[in-house]
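# Coordinate analysis (summary)
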Amino acid sequence: MPDDSANRRLKIEAHDASRVEWSIYIPLPRGPSVSEAEVSLRLEFPENVYVPHDGWEQLQILARLSSPDEESPAPEPLTVDGLRRSALGVARRLKLLRESIPRAVLAHSLNPRPIPRSLAKDLARILDEAASALAQGRAALVAPRADDPPELSRERALVDEFLSGQLLELLTIAEDTCGRMLAPAGLSGHVAEKLREAVAGTLAAELLERERRGEMLPDGDDVEALALFLDRAAQLKKHFQEVLFLEPETKMIDEALRNWVGLSGAATAFIVYFGLQALQTSAAAGLGLWTLMTVGAIAYALKDRAKELTRQWLAGKLSHLYANRVLVLREPAKFERSRNVVLRARESMAQARIVCPDPLNPGSGAVQRLVTLEYRQRARVTLLKGSSADAFERLKIVFRYDLAPILTRLDDSAKRVPVPASGGVRFADAPRLYRVPLTLLVETPAGAERREAVIVLNRRGIARIVPESSARPVPAEPELGFDDGAGLLPQT
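Residues numbered from 1 in each chain as written. Predicted model: local features only at pLDDT ≥ 70, side-chain atom pairs only at ≥ 80, totals over all residues. Heavy atoms only, no water.

### Some points on the overall build of the protein chain
Along the protein chain, the regular secondary structure elements total 10 helices and 14 strands. Put simply, the protein chain has 492 residues, and 41% of those count as buried. Contacts in the protein chain between residues at least 24 apart in sequence constitute 72% of all its contacts with a sequence separation of at least 6. Entry remark: accessible area of the protein chain is about 26700 Å², with carbon and sulfur atoms responsible for 56%. (Helix = DSSP H or I, 4+ residues; strand = E, 2+ residues; numbered from the N terminus. Buried < 20%, exposed > 50% of the residue type's maximum accessible area, 1.4 Å probe, protein only. Contact = heavy atoms within 4.5 Å. Areas by Shrake-Rupley, 256 points an atom, 1.4 Å probe, with all protein chains shown as cover.)

### What to know about the packing of aromatic side chains
Under the definition given, this model contains five aromatic pairs. Three or more aromatic residues link up through ring pairs in this structure, and these residues are Trp22, Trp56, Tyr375 and Phe399. Positioned above the aromatic ring of Tyr434, the side-chain terminus of Arg432 is 4.4 Å from the ring centre. (Phe/Tyr/Trp six-rings, centres within 6.5 Å; stacked < 30°, edge-to-face > 60°. Lys NZ or Arg CZ within 6 Å of the ring centre and 35° of its normal.)

### So, the sheet that holds strand β9 (residues 394-402)
Here we have four strands laid out as an open sheet, ordered β1-β2-β9-β4, and antiparallel in their pairing. Of all strands in the sheet, those bounded by a partner on one side alone are β1 (11-14) and β4 (59-65). Sheet twist, expressed as the average angle between the axes of neighbouring strands with direction ignored, equals 20 degrees. (Pairing = 2+ DSSP bridges. Axes fitted to C-alpha atoms, helices over the stretch in contact; angles between N-to-C directions.)

### Some thoughts on a negative patch on the surface
Where like charges cluster on the molecular surface, the negative patch consists of Asp219, Asp221, Asp222 and Glu224. Topologically, Asp219 is positioned in the loop between α5 (190-212) and α6 (223-241). (Patch = residues over 30% accessible without salt bridge, like charges linked within 9 Å, V, L, I, M, F, W, Y side chains within 5 Å. Salt bridge = Lys/Arg side-chain N within 4 Å of Asp/Glu carboxyl O. Lys, Arg positive; Asp, Glu negative; His and termini not counted. Charge placed at Lys NZ, Arg CZ, Asp CG, Glu CD.)

### Some thoughts on the sheet that holds strand β13 (residues 447-458)
Pairing is antiparallel across the open sheet formed by eight strands, whose spatial order is β5-β6-β7-β8-β3-β12-β13-β14. Among the strands making up the open sheet, the edge pair consists of β5 (247-252) and β14 (461-467). Ignoring which end each strand starts from, the neighbouring axes of this sheet average 20 degrees apart. Here six bridges tie β5 to strand β6 (residues 325-330), and the two strands are oriented antiparallel to one another.

### Side note on the packing of helix α4 (residues 150-181) against α6
At their nearest, the axes of α4 and α6 sit 10 Å apart, and the two run at 120 degrees to each other. Classified by the angle their axes make, α4 and α6 are oblique. Viewed along their axes, α4 and α6 form a crossing whose handedness is left-handed. Contact residues: α4 offers Arg154, Glu155, Leu158, Val159, Glu161, Phe162 and Leu168, while α6 offers Phe229, Arg232, Leu236, Lys237, His239 and Phe240. When its residues are assigned to classes, the contact of α4 with α6 shows seven nonpolar, one polar and five charged. (Parallel < 35°, antiparallel > 145°, perpendicular 65-115°, else oblique. Left-handed = near helix turned anticlockwise from the far one by under 90°. Nonpolar A, V, L, I, M, F, W, Y, C, P; charged D, E, K, R; others polar.)

### Looking at the side chain of Glu449
Relative to the helices and strands, Glu449 is located in strand β13. At a separation of 3.3 Å, a polar atom in the side chain of Glu449 contacts the side chain of Arg451. (Polar contact = N/O pair within 3.5 Å; in protein donor to acceptor, adjacent residues only side chain to side chain.)

### Here's the deal with the pattern of salt bridges
Tallied over the full model, the rule gives 26 salt bridges. Linking Asp81 and Arg84 is a salt bridge whose minimum nitrogen-to-oxygen distance equals 2.7 Å. You can see Asp81 and its partner Arg84 sitting in helix α2 (residues 80-109), three residues apart, about one turn around the helix. Taking relative accessible area as the criterion, Asp81 reaches 21% and is therefore assigned partly exposed. Between Glu209 and Arg213 there is a salt bridge, with the nearest N and O atoms lying 2.7 Å from each other. A relative accessible area of 19% places Glu209 in the buried class. Salt bridges linked by common partners bring Arg138, Asp160, Glu206, Glu209, Arg212 and Arg213 together as one network.

### Looking at the pairing of β14
The sheet contact formed by β13 and β14 spans six bridges and is antiparallel. Each bridged residue has a counterpart across the sheet, and for Leu457 the counterpart in β14 is Ile462.

### Remarks on the side chain of Asp160
Here Asp160 is to be found in helix α4. By relative accessible area, Asp160 is classed as buried at 1%. There is a polar contact of 3.4 Å between the side chain of Asp160 and the side chain of Arg213. For Asp160, the residues in contact, after removing those within four places along its chain, are Arg138, Val142, Arg213 and Glu215.

### A look at α6
When the terminal C-alpha atoms of α6 are compared, their 27 Å separation across 19 residues agrees well with the 27 Å that a helix rising 1.5 Å per residue should span. For α6, the N-terminal capping position is held by Asp222, with its side-chain oxygen 3.0 Å away from the main-chain nitrogen of Glu224. (Expected span 1.5 Å × (residues − 1).)

### Focus on the environment of Arg376
Within the secondary structure, Arg376 is located in strand β8 (residues 367-381). Judged by relative accessible area, which is 35%, Arg376 ranks as partly exposed. For the pair Arg376 and Glu347, spaced 29 residues apart in sequence, the C-alpha separation works out to 5.7 Å. Setting aside residues no more than four positions away along its own chain, Arg376 makes contact with Glu38, Val39, Ser40, Arg346, Glu347 and Ser348. There is a polar contact of 3.4 Å between the side chain of Arg376 and the side chain of Ser40.

### Thoughts on the environment of Arg435
Within the secondary structure layout, Arg435 lies in strand β12 (residues 434-444). A relative accessible area of 47% means that Arg435 is categorised as partly exposed. Sequence-wise, Arg435 and Pro46 are 389 residues apart; in three dimensions their C-alpha atoms are separated by 8.5 Å. Once you skip the residues sitting within four places of it in the chain, Arg435 turns out to touch Pro46, Val454, Ile455, Val456 and Arg464.

### Some words on the confidence of the model for the protein chain
When pLDDT is averaged along the protein chain, the result is 77; 70% of the residues meet or exceed 70. Mean pLDDT values over the elements of the protein chain span from 56, in helix α8 (residues 258-282), up to 93, in helix α10 (residues 404-407). Low pLDDT (under 50) marks residues 1-8, which in the prediction has 24 contacts with non-local residues, meaning those over four places away or in another chain. Confidence drops under a pLDDT of 50 for residues 470-492, and excluding neighbours within four residues, the segment shows 58 contacts in the predicted structure. (pLDDT = per-residue confidence, 0-100.)

Shown next, in the form of structure tokens:
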């Protein structure tokens, strides 16, 4: 049974060493209605490590249509884009099965008396479903047909290599799980060993199949070959997901209204300058030369100053009342020639210095100085109009924020700390870590979903992301539901 809930969750993770990523799914409307969503992010930095920077330069937004369900039949007549969409449906199923492995382990670890046979049974079921999904995908999408054009035959070969890589990722996680089960502190026994042998057998069979088809194989003795294998996997992922990405357009509000704001500022400056000149002319008969020169200089100086202040004031008001930036997502031209607008969003970002009570003793009067960064997006999603509109149900928006400017100010020194040891005391090197609280809220007319976490940083980048145990989700609509508290993926 497809794990639909796992595909509709709000997710927070570390994308790479410096970028934190959060993603959401918004259901695509059917008919004339629209889907609305509001995304709010708040980061809190200690003032001593904060580096002023342009938040818009550090923010990256990617949007794509969700992968079709694997049960969706391949379109006829089959095209290259249709084949890629169907392959993504199978890959989505394999991804859900891969992500269910750590959740199954977590569910059994919460049991006060873990049962190895029960966990092994769940993992064996996941392996069987993954092998079955790949076999069905190969039968439906990879098997050649007599009337295939050359480009479609080539795409079928890429489909097989892409789906095979997805299975290898799943089996790698399964093997790692079995290794932890056999560890001295973990679950042990004959059941775990048999499961590990089954994983190894499936891995060997798939690698033989890749060799038979002439696909790239990893070489454990060649680091460069391993890097090329990973690069090939990344290229395949981008190749197939390219068919889903929407085309973004962004425009800053002050740039879009620059001419009107400048005109308003010039008009205000003219009024100030003309008024002072009229005052100077009417009173010229009773004023001395130096007084007239002073009034004229003030009028000339205030003209430019009034223009600049008026421009800044109007730009600030527009940004506060409307937004700082407008984001528009359009359907790709290959789907809809008029490039229909799928999403239109208003975005705002603000940085502020705040003072809050010291958490060590809030009642003592001591304070802690922080710098907050708040980002907000208000989005309206309309229906797809292209020929492939019925194949998609959700819109996935991925946000990435680069913390690289902050890392430059972090201390990377390690301090020796005395710790208790058997028979005495030993010393350990303690790394310097910094914690940045993160609050994420996604709201729709039907409800909201809230998640809180702490980003743990060191000089080299993001060490891990830890969920806040005190965070409690408010009621949310089903499309934004969580399953088993898995909103934060395990960090490696």
